[in-house]
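# Residue-level structural notes
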Amino acid sequence: MGMKFLWIVLDSVGIGHAPDAERYGDAGADTLGHLMMREKLELPHLASLGLYEIMRPYGEGVPAPVSMRKGAWATRLTELSPGKDTTTGHWELAGAVMDRPFLTVEAFPDDFLAELSRRTGVSFLGNCVASGTEILAQLGDEHVRTGRAILYTSADSVMQIAAHEDPSIFGLARLWQLCEEARALLDERGLRIGRVIARPFCGEGEYRRTANRRDYSLTPPPTVLDRLQQHGVRVVGIGKISDIFAGRGLSASYVTKSNEEGMKAIERCWAEEVRCSVLYVVNLVDFDSLYGHRRDPQGYARALREFDSWLGKFLPMVGADERLLITADHGNDPYHQGTDHTREQVPLLSLHVPNPCDVDASFGQVAKILAEAFALRG
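In what follows, the accompanying structure is described. (Residues numbered from 1 in each chain as written. Predicted model: local features only at pLDDT ≥ 70, side-chain atom pairs only at ≥ 80, totals over all residues. Heavy atoms only, no water.)

## Observations regarding the sheet that holds strand β10 (residues 252–254)
One open sheet holds the eight strands; their spatial order is β10-β9-β11-β1-β12-β13-β2-β14, and the pairing between them is mixed. What marks the edges here is a single partner per strand, and that holds for β10 and β14 (361–362). Strands in contact with helix α12 (residues 297–314) are β1 (4–10), β11 (278–284) and β12 (323–327); relative to β1, the strand with the most contacts, it is inclined by about 170 degrees. (Pairing = 2+ DSSP bridges. Helix = DSSP H or I, 4+ residues; strand = E, 2+ residues; numbered from the N terminus. Contact = heavy atoms within 4.5 Å. Axes fitted to C-alpha atoms, helices over the stretch in contact; angles between N-to-C directions.)

Have a look at this one:
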């Protein structure tokens, strides 16, 4: 029997602005703190792993401490890499610190789009910085009328391409293929855009994004996931982990379209008997994509309560010889200005993990914990 280790990333669940947040326009951002203060949010099961203890310095609204589970400890993590995006955060958590930020743009070069159009036969609308929901309202009708794909970006290093799922208008398979071509062309030209994101939508007149999103990431440098694979550990991605790491370092992947699907996938995987050591890496994205970017604090708080309730039922399933880590990759304070991520510290909550780290460790502490847990050398 091998060891089972579960690492869950709660996408965007930050716990207060990072020391350098002002450089990013994020001074005062505090995703969880503001939700607790303004939405009366309580998370007793996350608190049993030490969440409230590490939030104490941020003060207002944090409920009183609760008794921690035996074998639990917690700390805050601070990002060293420049940026505040999903890819940078996950890569550093896995041990790859970036020395320069990904490229961000306000519009993609005309010659790039001309070549992409030549290769794919697709022309584009937009090519601007925009909110995903707003640009659908602005350009959805024109897209349906012309068949031209909607292209936009944000403060993050992303190229987002939106198109209608109906094959008579554009089609899902065609959108995914277009995004693959865009990723390949960006890489050919050395344009370090972190992710190309396929944003399918449906509807008539009023449009809504669907759960068939796909991310096409820049290939990461070697991470602890590669090392674990090389040492015989089975590494299983759940959610958009395969997208974030461009499939690198993973033995298997289960794509999920929601937090609910992700939590069910965890339960199924955890119930399986394992013969070799296994690491499950999970991204639960709804906090970020459905509520943070849309500045919906009530929805964000509700999603956190749902996860906490699920966690209360799951924690008794984690045996004394099994390991659990819960982290985040950045913040997305739904009370902050704009619709972009916020530069924040993130929680590190653990159960049955030895060797607690110092307060205010870097994101890379997660990679060190994984390496030690699976006795990697070198």
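That shown, we press on.
## Looking at the packing of helix α5 (residues 110–120) against helix α7 (residues 172–188)
Packing of α5 against α7 leaves a shortest axis separation of 10 Å and a crossing angle of 135 degrees. Of the possible angle classes, the one that applies to α5 and α7 is oblique. Crossing of α5 over α7 shows right-handed handedness. When α5 is examined against α7, the residues F112, E115, L116, R119 and T120 are found in contact with a partner set consisting of L178, E181, A182, L185, L186 and E188. (Parallel < 35°, antiparallel > 145°, perpendicular 65-115°, else oblique. Left-handed = near helix turned anticlockwise from the far one by under 90°.)

## Side note on the packing of aromatic side chains
The way to describe two aromatic rings as a pair is by their centre distance and the angle between their planes. Evaluation of the coordinates by the stated rule reveals nine aromatic pairs. Ring centres of W91 and F102 lie 5.5 Å apart, and the angle between their planes is 80 degrees; this geometry places the pair in the edge-to-face category. On the criterion of sequence distance, the pair formed by W91 in helix α4 (residues 86–93) and F102 in the loop between α4 and α5 is long-range, its members being 11 residues apart. Using a relative accessible area of 1% as the deciding quantity, one classes W91 as buried. By the ring-pair criterion, three or more aromatic residues cluster together here, those being W270, Y280, F307, W310 and F314. Residue placement shows R38 over the ring face of Y335; its charged tip is 4.5 Å from the ring centre. For the cation-ring pair, R214 lies above W176, with the distance from its terminal atom to the ring centre recorded as 3.3 Å. (Phe/Tyr/Trp six-rings, centres within 6.5 Å; stacked < 30°, edge-to-face > 60°. Buried < 20%, exposed > 50% of the residue type's maximum accessible area, 1.4 Å probe, protein only. Lys NZ or Arg CZ within 6 Å of the ring centre and 35° of its normal.)

## Looking at the state of the cysteines
Tallied over the full model, the rule gives zero disulfides. Unpaired in terms of disulfides, C179 finds its nearest cysteine sulfur in C128, a separation of 16 Å. (Disulfide = S-S within 2.5 Å.)

## Observations concerning helix α13 (residues 365–373)
In an α-helix there are 3.6 residues to a turn, and that puts residues three or four apart on one side. Inspection of α13 places Q365, V366, A367, I369, L370 and A371 among the buried residues, and these make up the whole buried set. Positive phi shows up at A375, right after α13, with a value of about 55 degrees.

## Description of the side chain of R323
Within the element layout of this structure, R323 appears in strand β12. No salt bridge forms around the buried R323; measuring N to O, its nearest opposite-charge neighbour D321 is 6.4 Å away. If we skip the residues at most four places from it in the chain, R323 touches M3, K4, F5, L6, W270, L351, H352, V353 and P354. (Lys, Arg positive; Asp, Glu negative; His and termini not counted. Salt bridge = Lys/Arg side-chain N within 4 Å of Asp/Glu carboxyl O.)

Nothing here speaks to function; it is all geometry.
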